[in-house]
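# Survey of secondary and tertiary structure
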Amino acid sequence: MSENRVRVRVADNGVATATMVRADKHNALDQAMFEGLVAAAEQLARDASVRAVVLHGEGKSFCSGLDVASFMGGERGTGVLLTRDDDGPANLAQRVSYDWSLVPVPVIAAIHGNCFGGGLQIALGTDIRIAAPDAKLSIMEIKWGLVPDMGITQTLPRLLPIDVAKELTFTGRIVSGSEGAELGLVTRTAEDPLQAALELAGEIASKSPHAIRAAKRLYDETWLSSDPATALALESELQTGLIGSPNQIAAVVAGMSGEQAVFENPD
């Protein structure tokens, strides 16, 4: 697809912004947007200079969900979204959510306006969600006689009790950013979610990038694990790799001196 749907920029401090740029359609998901989001996640996952990512939408909304009309004229329709590569667990639709877990640094979603259906599932794939109090969120697929199928099985169980997840899914009701925070659907609210997300990303980027990457991996691989031995072993494995490393020593020196540490990027 030729359209540039996602703009990626990396600041000098290692904070990357991935911006959905289809403001005239409230950043609705057409095929180009799906492909743009996957490409952005792949690009950021490879970039060792990136220490934190902020994902947001240009214009009035984060993402209003699937642009059904854009698929109606295609030969395969929405079937293209169900295409799964032989070497990956997720299809194209699922990758716009799932692939953010493959980015080794924290990804923060800044949510404003509409965040419906696929848009919400994209946000759920990030590590942290900051929403405007009046943002509108919905697991909206039931409205169209569908189930949510963009990686929600890998994200929602970590956030909500099953009864709350079912209630939101069965009804498709719209909740505000404030209610979303109360439910655990979003991390917290802010009047300016983008600014708050950038500030948080900057704080994260000032810490040892090796430790931050290790912490994300630790939680992602063990949070719902029922195997204590494997989880505890990973704690020790990651800690062993950090102790005595240049960035760990730099963190100790900075902590004792009160000066800002200068950390090396991962190889």
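Throughout what follows, the structure given in this document is the object of discussion.

What counts and how
Residues numbered from 1 in each chain as written. Predicted model: local features only at pLDDT ≥ 70, side-chain atom pairs only at ≥ 80, totals over all residues. Heavy atoms only, no water. Pairing = 2+ DSSP bridges. Helix = DSSP H or I, 4+ residues; strand = E, 2+ residues; numbered from the N terminus. Contact = heavy atoms within 4.5 Å. Axes fitted to C-alpha atoms, helices over the stretch in contact; angles between N-to-C directions. Parallel < 35°, antiparallel > 145°, perpendicular 65-115°, else oblique. Nonpolar A, V, L, I, M, F, W, Y, C, P; charged D, E, K, R; others polar. Buried < 20%, exposed > 50% of the residue type's maximum accessible area, 1.4 Å probe, protein only. Arc of directions from axis to C-beta. Core = buried A, V, L, I, M, F, W, Y, C linked by side-chain atoms within 4.5 Å. Patch = residues over 30% accessible without salt bridge, like charges linked within 9 Å, V, L, I, M, F, W, Y side chains within 5 Å. Areas by Shrake-Rupley, 256 points an atom, 1.4 Å probe, with all protein chains shown as cover. Salt bridge = Lys/Arg side-chain N within 4 Å of Asp/Glu carboxyl O. Lys, Arg positive; Asp, Glu negative; His and termini not counted. Charge placed at Lys NZ, Arg CZ, Asp CG, Glu CD. 1 Å grid on protein atoms, 1.4 Å probe; cavity = no way out; pocket = protein on both sides within 12 Å on 5 of 7 lines; lining within 4 Å. Points joined across faces, edges and corners; volume = space filled by probe spheres on them. Domains from an automatic or database assignment.

## Observations concerning the sheet that holds strand E1 (residues 6-10)
- Pairing is mixed across the open sheet formed by six strands, whose spatial order is E1-E2-E3-E4-E6-E9. Strands at the two margins of the open sheet, each flanked by one partner only, are E1 and strand E9 (188-189).
- Against the sheet, helix H1 (residues 31-46) makes contact with E1, strand E2 (15-20) and strand E3 (52-57), and its axis sits at roughly 20 degrees relative to E1, the strand it touches most.

## Topic: the sheet that holds strand E8 (residues 175-176)
- Strand order in the open sheet made by the three strands is E5-E7-E8, with mixed pairing throughout. Each edge of the sheet is formed by a strand with only one pairing partner; in this case those strands are strand E5 (114-116) and E8.
- Where strand E7 (residues 136-138) meets E8, two bridges bridge the pair, whose relative direction is antiparallel. Paired with Lys-136 across the two strands is Ser-176, which belongs to E8.

## So, the packing of helix H8 (residues 209-222) against helix H9 (residues 228-242)
- Two elements in contact, H8 and H9, have axes whose closest approach is 10 Å; the angle formed by their N-to-C orientations is 170 degrees. Classified by the angle between their axes, H8 and H9 sit roughly antiparallel to one another. Along its contact with H8, which presents His-210, Ala-211, Ala-214, Arg-217, Leu-218, Glu-221 and Thr-222, the element H9 presents Ala-231, Leu-234, Glu-235, Glu-237, Leu-238 and Leu-242.
- For the contact of H8 with H9, the residue count by class is seven nonpolar, two polar and four charged.

## With respect to helix H5 (residues 162-171)
- Here H5 has its buried residues at Ala-165, Leu-168 and Thr-169. Projected down its long axis, H5 shows its buried positions confined to an angular sector of 95 degrees, all on one face. Across from the buried face of H5, at angles greater than 90 degrees, the exposed residues are Asp-163 and Phe-170.
- Check the buried side of H5 and you find it contacts E8 and helix H6 (177-183).
- Looking at the residues trailing H5, positive phi occurs at Gly-172, about 65 degrees.

## Here's the deal with the nonpolar core
- Among the nonpolar cores identified, the biggest contains 48 residues, and Leu-37, Phe-62, Trp-100, Ile-111 and Ile-122 are the most heavily contacted of them.
- Elements with a contribution of two residues or more to this core: E2, H1, E3, helix H3 (92-98), strand E4 (107-111), helix H4 (118-124) and H5.
- Top contributing element to this core by residue count: H1, with seven residues.
- Among the nonpolar cores identified, the runner-up in size contains 14 residues, and Val-54, Ala-196, Leu-200 and Ile-204 belong to it.

## Let's talk about a negative patch on the surface
- Judged by side-chain charge, Asp-134, Glu-191, Asp-192 and Glu-199 come together as a negatively charged surface patch.
- Locating Asp-192 in the fold gives a position in the loop between E9 and helix H7 (193-205).
- Overall, the relative accessible area of 45% leaves Asp-192 in the partly exposed class.

## Thoughts on the layout of surface pockets
- In this model, the largest pocket occupies a volume close to 870 Å³.
- Among the secondary structure elements, those contributing two or more residues to the lining of the largest pocket are H3, strand E6 (128-131) and H8.
- By residue number, the principal contributor to the lining of the largest pocket is H8, which donates eight residues.
- Looking at the lining of the largest pocket residue by residue, the class counts come to 14 nonpolar, nine polar and eight charged.
- If you count residues domain by domain, the lining of the largest pocket takes at least three from each of domain 1 (6-204) and domain 2 (208-257).
- If you add up the space inside the second largest pocket, you get close to 500 Å³.
- Leu-66, Val-68, Glu-141, Trp-144 and Leu-146 are the residues nearest the centre of the second largest pocket, which is lined by 20 residues in total.
- The residue makeup of the lining of the second largest pocket, split by class, is twelve nonpolar, five polar and three charged.

## Some remarks on the side chain of Gln-121
- Mapping Gln-121 onto the fold places it in helix H4.
- For Gln-121, a relative accessible area of 2% puts it in the buried group.
- When sequence neighbours within four positions are dropped, the list of residues in contact with Gln-121 reads Ser-97, Glu-141, Pro-148, Asp-149, Met-150, Gly-151 and Ile-152.

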